[in-house]
Amino acid sequence: MRKPSLCRAAAGLLALFGLLASASAGAAVLGNVDGFYPGEGGRPVLSGWACESGNSASIQVDVFVDAPYPRGQFVGRWPANAASESAVGASCASSGTAHRFAIAIQDRDWVQFAGKSVYVHGVAPNGNAPIGTPGAVAMPSGGGAATCQIHDLASLNTCVANRAQYQVFNFNADVACAGAECCTAASSGGALLNLDFSTYKVVQGNGHTLSRYAPRAACPAININQSSYIRVSDLAIDEDENVPGCRPEDDCPSVALVSGSNNVDFQGLRIYHGKGYAIYVSGTRVFNFNRSLVADSGIIGLYVGTVVGDFSVPSRYITVTDSVFTHTRTNAIAFQGVYGDAPGHNLIRGNVLTGNHYKGMWLDPQGREINGGQLYLPNSAHVVVQGNIIGDGYCATCESTDTWGMELGAEDVVRDLDVSGNYLYNIKGMAFFLNANGAVDSDSSLLSNRVLGVSVFKNFAVAESGNVFSDTNPSLKRNGDANYVIHRSVLNGWHQEANIRNERGASFESGFGLSSHSRPKAEGGPILRCFKTGSATEDFPTRDRNCEGMGVLHSVLGYSFEPTYVGAQPFYRCRSNEDYFVSWDPGCEGKVNEGMLGYATVR
């Protein structure tokens with residue numbers, strides 16, 4: 001169903017090519033990273049060359065820091081179209097003479113990424129790949145970007161009011177506001193972090209939190225309108241869990257609003273208890289949401305789509321990677337008007353989505369709440385959905401309590417959708433659902449997805465292979481129920497860590513109550529249950545979604561509380577030979593302590 005927007009901004013689209021998507025097959029991408037040399041004003045210039053074998057045309061390069069794609073922090077995309085010598089042409093097996101790049105690093109990036117390893121990917125029409133030796137060069141130290149220091153609400157307001165003078169906005173402390181002081185009188189909607197009509201700005205949260213307390217804020221916390229090259233990193237926004245969420249008709253503002261912009265980068269942004277849409281992106285070209293988090297959102301977690309009132313201006317080149325979406329009342333992620341120009345131009349990869357769409361916000365003609373999917377793609381093209389975890393789906397207040405893993409179609413044909421390598425479990429309803437009158441084209445596919453404990457795999461025809469659709473031992477067919485309590489039990493001499501008490505007849509020992517969603521001031525990622533390879537009895541708790549290379553992911557056990565939560569106390573992963581268990585005892589009851597998992601309550 002068409003979900004009405006809450007955004008009131010309408011803006012034009014600025015042009016820029018998109019972010020690198022998933023690696024694709026094709027001609028070889030070649031190149032080298034020569035290193036940095038001093039440029040104008042002493043700013044570092046990253047040089048090298050890149051090409052596609054046998055192609056005389058120039059290609060582009062994407063630059064990341066900290067780690068290679070997709071886990072690294074995206075810096076930007078530039079053309080490799082400067083004059084190149086004959087030796088480069090020979091290496092490229094082409095007659096091309098324009099394959100070099102010389103990237104002048106912006107002051108804001110120089111300041112933020114000094115000393116960090118640099119990774120470069122060549123991006124060509126028929127494929128992409130890393131070039132040079134990954135991480136062999138580092139961003140030089142130094143830099144002199146104009147920086148405004150934020151240590152309280154007054155300094156935040158001063159910095160933003162004078163934003164034209166600064167490139168970097170640096171949080172040195174947590175900042176809090178209440179009621180009317182959480183908005184400014186600006187004509188742009190009064191956002192505290194208002195970055196409209198701006199270019200090359202960085203907001204460095206440095207792990208701090210911007211808290212907005214009751215009554216409900218009447219403006220976004222972040223507004224980015226008709227801007228380019230904006231980055232918000234390592235910042236938490238807490239919208240006060242004691243204030244109830246909104247319904248669509250309430251017309252509540254989003255926490256972060258992005259419209260008519262290009263190259264907007266949210267890295268390590270964590271939004272808690274948003275009242276409407278946590279993040280609303282419209283008519284934007286190149287938007288990255290990486291290593292970030294949305295928890296307990298009032299309506300939708302991340303919405304990306306067309307400019308309000310003009311469906312001809314979609315969003316393009318959207319990347320959502322390595323992030324967590326938990327306990328949002330409807331869709332965790334909605335792509336409603338997201339397109340690209342070629343396969344893989346939009347990417348949803350490596351995310352965790354649990355317990356979303358547990359409520360209905362839109363009503364049918366009889367006034368009953370409508371169910372839906374944790375991931376919603378009603379109209380989109382060239383989207384890759386890869387390597388995500390989607391689990392615990394149940395809509396308690398909906399006329400139909402089914403919650404789908406992915407909900408597709410209804411507004412337009414979904415084109416060139418690549419869904420591969422995802423893990424879906426414990427969903428009451430269908431793993432992949434196509435709405436009535438929807439369609440998925442012949443270029444779309446479902447490949448190598450693992451679906452366990454779900455009633456129905458799909459309801460539409462599509463190219464597919466390598467999918468696993470079954471249950472597991474112990475069973476994940478729980479009709480979407482998620483307890484979020486670790487029941488420490490013993491079965492056949494092995495400790496178990498299960499969400500179900502006395503699972504398979506195990507003897508209960510103690511309960512560790514967890515949160516249903518990530519919380520402020522707590523470690524945001526999920527605590528997972530894995531089983532050792534080939535075993536249905538030897539499990540272990542972990543925070544590593546790859547199960548530390550020892551086994552196979554079973555389920556999300558829950559999320560840690562913060563240390564100050566009433567009744568919360570630390571608990572630990574312990575080991576006795578090959579038997580893993582959880583314990584309140586830092587001494588692990590005389591066994592080996594392998595580290596603290598988080599904070600839980602006694603249950």
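Our subject is the structure that appears above.
Residues numbered from 1 in each chain as written. Predicted model: local features only at pLDDT ≥ 70, side-chain atom pairs only at ≥ 80, totals over all residues. Heavy atoms only, no water.

## A word on the state of the cysteines
Put plainly, two cysteines are in a disulfide when a covalent bond ties their sulfur atoms together.
Then comes step 1: One pass over the structure, following the stated rule, counts 8 disulfides.
Then comes step 2: What pairs with Cys-177 in a disulfide is Cys-182, and their sulfur atoms sit 2.2 Å apart. Torsion about the S-S bond of the Cys-177 and Cys-182 cystine: about 115°, corresponding to right-handed handedness. One exposure class covers both Cys-177 and Cys-182, and it is buried.
Then comes step 3: The disulfide partner of Cys-395 is Cys-398, and the S-S distance across this bridge is 1.9 Å. Of note, the bridge from Cys-395 to Cys-398 carries an S-S torsion of about 40° and is right-handed in sense. Each member of the pair, Cys-395 as well as Cys-398, carries the same accessibility label: buried. (Disulfide = S-S within 2.5 Å. Buried < 20%, exposed > 50% of the residue type's maximum accessible area, 1.4 Å probe, protein only.)

## Focus: the pattern of salt bridges
Then comes step 1: Inspection of the entire model under this criterion finds 34 salt bridges.
Then comes step 2: Arg-108 is the salt-bridge partner of Asp-109, the closest N and O atoms lying 3.1 Å from each other.
Then comes step 3: Overall, Asp-109 belongs to the buried group, its relative accessible area being 2%.
Then comes step 4: A salt bridge links Asp-412 to Arg-415; its shortest N-O distance comes to 3.6 Å.
Then comes step 5: What makes Asp-412 partly exposed here is its relative accessible area of 31%.
Then comes step 6: Put simply, Arg-108, Asp-109, Arg-231 and Asp-265 are held in one network by salt bridges that share partners. (Salt bridge = Lys/Arg side-chain N within 4 Å of Asp/Glu carboxyl O.)

## Points about the sheet that holds strand 5 (residues 82-83)
Then comes step 1: An order of 1-2-6-5 is seen for the 4 strands of this open sheet, with the pairing classed as antiparallel. The open sheet has two free edges, formed respectively by strand 1 (29-38) and strand 5, since each of these has just one partner strand. (Pairing = 2+ DSSP bridges. Helix = DSSP H or I, 4+ residues; strand = E, 2+ residues; numbered from the N terminus.)

## Quick notes on the sheet that holds strand 46 (residues 579-583)
Then comes step 1: Taken in spatial order, the 6 strands of this open sheet run 40-39-41-47-45-46, and their pairing is antiparallel. The two strands at the open ends of the sheet, each matched to only one other strand, are strand 40 (494-498) and strand 46. Across the sheet, the mean angle separating the axes of adjacent strands is 35° when strand polarity is ignored.
Then comes step 2: Pairing of strand 39 (residues 485-491) with strand 40 involves 5 bridges; the strand directions are antiparallel. When the bridges of strand 40 are listed, His-487 appears paired with Ala-498. (Axes fitted to C-alpha atoms, helices over the stretch in contact; angles between N-to-C directions.)

## Quick look at the packing of aromatic side chains
Then comes step 1: All told, the structure shown has 18 aromatic pairs when counted by the stated rule.
Then comes step 2: Seen in terms of ring centroids, Phe-64 and Tyr-69 are 5.5 Å apart; in terms of plane orientation they differ by 55°. Their pairing is tilted. As far as the burial class goes, Phe-64 and Tyr-69 line up, both buried.
Then comes step 3: With a centroid separation of 5.3 Å and an interplanar angle of 35°, the aromatic rings of Tyr-277 and Tyr-280 are classed as tilted.
Then comes step 4: The exposure class assigned to Tyr-277 is buried, which follows from its relative accessible area of 0%.
Then comes step 5: Of the aromatic side chains, those joined through ring pairs into one cluster are Phe-64, Tyr-69 and Phe-74.
Then comes step 6: Between Arg-450 and the ring centre of Tyr-423, over which it is positioned, the NZ or CZ distance is 4.0 Å.
Then comes step 7: When the ring centre of Phe-508 is taken as reference, the NZ or CZ atom of Arg-501 above it lies at 3.7 Å. (Phe/Tyr/Trp six-rings, centres within 6.5 Å; stacked < 30°, edge-to-face > 60°. Lys NZ or Arg CZ within 6 Å of the ring centre and 35° of its normal.)

## Re the nonpolar core
One recurring pattern in soluble globular proteins is that nonpolar side chains are buried together.
Then comes step 1: By size, the foremost hydrophobic cluster in this structure holds 70 residues, and its most contacted members are Leu-156, Phe-266, Ile-279, Phe-287, Phe-335 and Phe-432.
Then comes step 2: At 5 residues, the largest contribution of residues to this core is made by strand 33 (residues 423-434).
Then comes step 3: The residues contacting Leu-156, other than those within four sequence positions of it, are Ile-150, Phe-171, Val-175, Leu-192, Leu-193 and Leu-210.
Then comes step 4: Of all hydrophobic cores here, the second largest spans 21 residues; its members include Ile-59, Val-61, Val-120 and Ile-131. (Core = buried A, V, L, I, M, F, W, Y, C linked by side-chain atoms within 4.5 Å. Contact = heavy atoms within 4.5 Å.)

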